[in-house]
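As a plain string of letters, each chain reads:
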Amino acid sequence: MNDKNNENQFVFSASEIRQAGTYSAELNILPSEFADAFPGRDVLKKLSASLEFNAAGDEILLNGKISASLALDCSRCGKSIIKSFSDVFDESFPYSVEYINVRENIRETVSLMEPMKVLCSEKCKGRCPHCGKDLNEGKCSCVQENFSPFAALKNFRPGKKMI
Ligand SMILES: [Zn+2]
Ligand SMILES: [Zn+2]
């Protein structure tokens, strides 16, 4: 595999699409090709795209579905986890274009996939704010000394942010 071939997998001949009317493509993409979706961070672990072009009327319509695995840190305990995401996009191109390059559509969709907050588990207990122990691995001694049972219980509630 060389760089040129990798780049070409995102470029489609519009005349082929116009002749066929509809045209589908499945792309398995090297994550390193879209490192620019997460500048300076090694987040993207897997990436694939499912594309469908429709030459209709005076436009070529593109429906794309992007699936990706991202390596993220749990917002509560900080553990590194791999999560799968997928999202769709639509784009239209003038009917008469020569080539359609979908790279920017894929990059933009991937770069918006990362959630504000991600949990290793809905039940993640986070870390003790005092000693930093991962409370999923067991209680630390300061939980028992400093917190009431009710305060500790609150941290079990899914969706409650705990740092
Ligand atoms: Zn966690
Ligand atoms: Zn502690």
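Report on the accompanying structure.

Conventions we followed
- Residues numbered from 1 in each chain as written.
- Chains lettered and ligands numbered in written order.
- Predicted model: local features only at pLDDT ≥ 70, side-chain atom pairs only at ≥ 80, totals over all residues.
- Pairing = 2+ DSSP bridges.
- Helix = DSSP H or I, 4+ residues; strand = E, 2+ residues; numbered from the N terminus.
- Axes fitted to C-alpha atoms, helices over the stretch in contact; angles between N-to-C directions.
- Contact = placed C-beta atoms within 7 Å.
- Buried ≥ 20, exposed ≤ 12 C-beta atoms within 10 Å, placed from the backbone.
- Arc of directions from axis to C-beta.

1. What to know about the sheet that holds strand E3 (residues 44-56)
Taken together, four strands build an open sheet; the order of strands is E2-E3-E4-E5 and the sheet is antiparallel. The two strands at the open ends of the sheet, each matched to only one other strand, are strand E2 (22-29) and strand E5 (80-94). Pairwise comparison of adjacent strand axes, ignoring direction, gives a mean angle of 10° for this sheet. Sheet analysis places strand E4 (residues 59-73) next to E5, joined by 15 bridges and oriented antiparallel. Across the sheet, the residue bridging to Leu62 is Glu91, located in E5. Lying on the sheet, helix H3 (residues 103-111) is in contact with E3, E4 and E5; it crosses E4 at an angle near 40°.

2. Describing H3
Among the residues making up H3, those that are buried are Ile106, Thr109 and Val110. Seen from one end, H3 has its buried residues packed into an arc of 95°, which puts them on one side. Buried-residue contacts for H3 involve E3, E4 and E5.

3. Observations concerning the environment of Ile81
One can find Ile81 in strand E5. Residue classification places Ile81 among the partly exposed residues on the basis of 15 C-beta atoms within 10 Å. Measuring from C-alpha to C-alpha, the distance between Ile81 and Leu70 comes to 8.1 Å, with 11 residues separating the pair along the chain. Excluding residues within four positions of it along the chain, Ile81 makes contact with Leu72, Cys74 and Cys120.

4. Things to note about the pairing of E5
Burial runs low along E5: only zero of the 15 residues are buried. Hairpin geometry of E4 and E5 is characterised by an intervening segment of six residues between the two adjacent antiparallel strands and by a positive phi of about 85° at Gly78.

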